[in-house]
Amino acid sequence: MKAIEIKPGIYWVGGIDWDLRNFHGYLTQRGSTYNSYLIIDENITLIDNVKYYMAEEQMKRISQIIDPAKIDYIVQNHIEMDHSGSLPGILEKCPNARVIASPKGVEGLPKHYKKQWNFMPVKSGDTLNLGKRTLHFVQTPMVHWPDNMVSYCPEEKVLFSNDSFGQHISSSERFDDEYPFNTMMNEAAKYYANIVLPYSKQVQKALDVVKTLDIDVICPSHGLLLRKYIPEMLEMYTKWSANSVDKKALIIYDTMWKSTEKIAGIILEAFESKGYQTRLFNLQYTHISDIMTEILTAKYICVGSPTLNNNILPTVASFLTYLKGLAPKGRHGLAFGSYGWGGQSVGMVETILKECGFDMLEQIRLQYVPDDDLLKAEEQKLITQID
Ligand code: FEO
């Protein structure tokens with residue numbers, strides 16, 4: 001439980017959540033961290049906090065460096081409880097510390113914790129003198145909540161970016177160059193797809209600011225700190241926030257008696273024949289948050305369900321609800337499925353994909369068990385529609 005010095009006088013004092021596997025529906029196979037940072041200067045400053053059950057771990061790390069009673073400022077870049085849960089306990093140790101947050105943060109914290117602390121709202125362009133160093137604040141609303149902001153220390157070239165550039169990874173390593181690169185980037189993509197994607201327009205505005213800063217280290221609030229792969233991460237954020245897609249098609253479905261699965265199979269063949277990277281996901285076996293990671297760069301999203309009780313299968317409904325909320329833009333969709341008599345499922349899937357704003361291919365809706373000739377004909381028809 002060591003504090004880690006990331007620059008002279010600046011320490012990581014967060015918590016490592018090795019066992020976390022569910023982050024409001026997002027499967028976090030690698031756990032996570034809640035990153036908190038301590039700056040030792042004339043005014044001692046804590047940046048961001050940790051989830052409530054990590055409070056003791058954070059306090060032990062802080063106490064290795066200073067007596068927590070000496071903290072002068074607490075910068076709360078974001079009020080979501082994974083970053084503010086330990087704040088009430090910290091403030092019991094240093095009740096006179098000023099709590100610095102955006103105006104929305106100052107408004108939101110008392111609504112969470114029912115306390116009126118010594119608040120100091122800051123806006124974009126405001127600075128805070130710590131002694132030898134300063135902090136510059138930039139509001140980044142909706143990356144990920146209305147209150148979000150980032151803090152930049154120009155003297156040390158450190159950006160405290162909160163939710164931006166995070167990854168749900170628990171590890172003893174703290175820096176990007178100590179950890180497998182591809183795993184880190186895949187977790188960064190998963191984080192973007194499942195948390196940040198709906199706010200891509202706001203991300204682009206934040207990136208415009210970040211790209212003007214001279215940065216040695218990016219300190220996000222989850223996962224590894226970036227000191228080597230900053231250009232690579234900025235490049236991927238630029239791509240993801242632009243909804244820029246690859247020549248990639250996903251076929252996502254559930255099936256009752258394998259007729260919908262047969263249709264999924266010919267859709268797979270059709271896209272492969274056109275040279276697409278193609279991925280097949282049965283919703284019984286793959287978690288929706290992992291499918292979202294692939295959707296981040298997929299051009300075609302094909303979704304299939306048989307009809308059950310005049311409806312779609314619950315697994316497909318769950319996936320579509322999640323997809324619609326995360327709102328990827330500029331995609332193409334295809335609804336497919338089998339049916340016995342009512343046959344409402346395909347139309348229902350198509351309606352939701354249209355509500356997502358997708359350009360739709362002609363739906364594939366086949367009764368009972370389709371034979372090979374019928375499937376082949378549908379495959380050929382589909383091939384003519386694919387770019
Ligand atoms: Fe990691 Fe929006 O909190």
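Above this text you will find the structure in question.
Summary of the structure given here. Given the structure is predicted, the values throughout are model-derived calculations rather than measurements.

## Concerning the overall build of the protein chain
Then, number 1: Along the backbone of the protein chain there are 12 helices and 22 strands.
Then, number 2: Seen through its C-alpha atoms, the protein chain measures out along the principal axes to roughly 80 × 40 × 35 Å.
Then, number 3: Restricting to contacts in the protein chain with at least 6 residues of sequence separation, those with at least 24 account for 71%.
Then, number 4: Carbon together with sulfur atoms contributes 51% to the accessible area of the protein chain, which is approximately 15,900 Å² in total.
Then, number 5: When the 40 basic and 46 acidic side-chain charges of the protein chain are each reduced to a single mean position, those positions are 2 Å apart.

## Overview of the pattern of salt bridges
Charged atoms that come close allow side chains of opposite charge to pair.
Then, number 1: If you walk through the whole model with that rule in mind, you get 20 salt bridges.
Then, number 2: One salt bridge connects glutamate 362 with lysine 381, and the closest N-O pair in it is separated by 3.6 Å. Residue glutamate 362 is located in the loop between β21 (359–360) and β22 (364–367), and its partner lysine 381 is located in helix α12 (residues 372–383); the two are separated by 19 residues in the primary sequence.
Then, number 3: A network of salt bridges, in which partner residues are shared, links Asp41, Arg133 and Glu156.

## Remarks on the sheet that holds strand β7 (residues 37–39)
Then, number 1: Strand order in this open sheet of 7 strands is β1-β2-β7-β8-β9-β10-β11, and the pairing throughout is mixed. The two strands at the open ends of the sheet, each matched to only one other strand, are β1 (4–7) and β11 (118–121). If you compare each strand with its neighbour and ignore which way they point, the axes differ by 25° on average.
Then, number 2: Across 3 bridges, the pairing between β7 and strand β8 (residues 45–47) is antiparallel. Paired with leucine 38 across the two strands is leucine 46, which belongs to β8.

So, how was this worked out
- Residues numbered from 1 in each chain as written.
- Predicted model: local features only at pLDDT ≥ 70, side-chain atom pairs only at ≥ 80, totals over all residues.
- Heavy atoms only, no water.
- Helix = DSSP H or I, 4+ residues; strand = E, 2+ residues; numbered from the N terminus.
- Contact = heavy atoms within 4.5 Å.
- Areas by Shrake-Rupley, 256 points an atom, 1.4 Å probe, with all protein chains shown as cover.
- Lys, Arg positive; Asp, Glu negative; His and termini not counted.
- Charge placed at Lys NZ, Arg CZ, Asp CG, Glu CD.
- Salt bridge = Lys/Arg side-chain N within 4 Å of Asp/Glu carboxyl O.
- Pairing = 2+ DSSP bridges.
- Axes fitted to C-alpha atoms, helices over the stretch in contact; angles between N-to-C directions.

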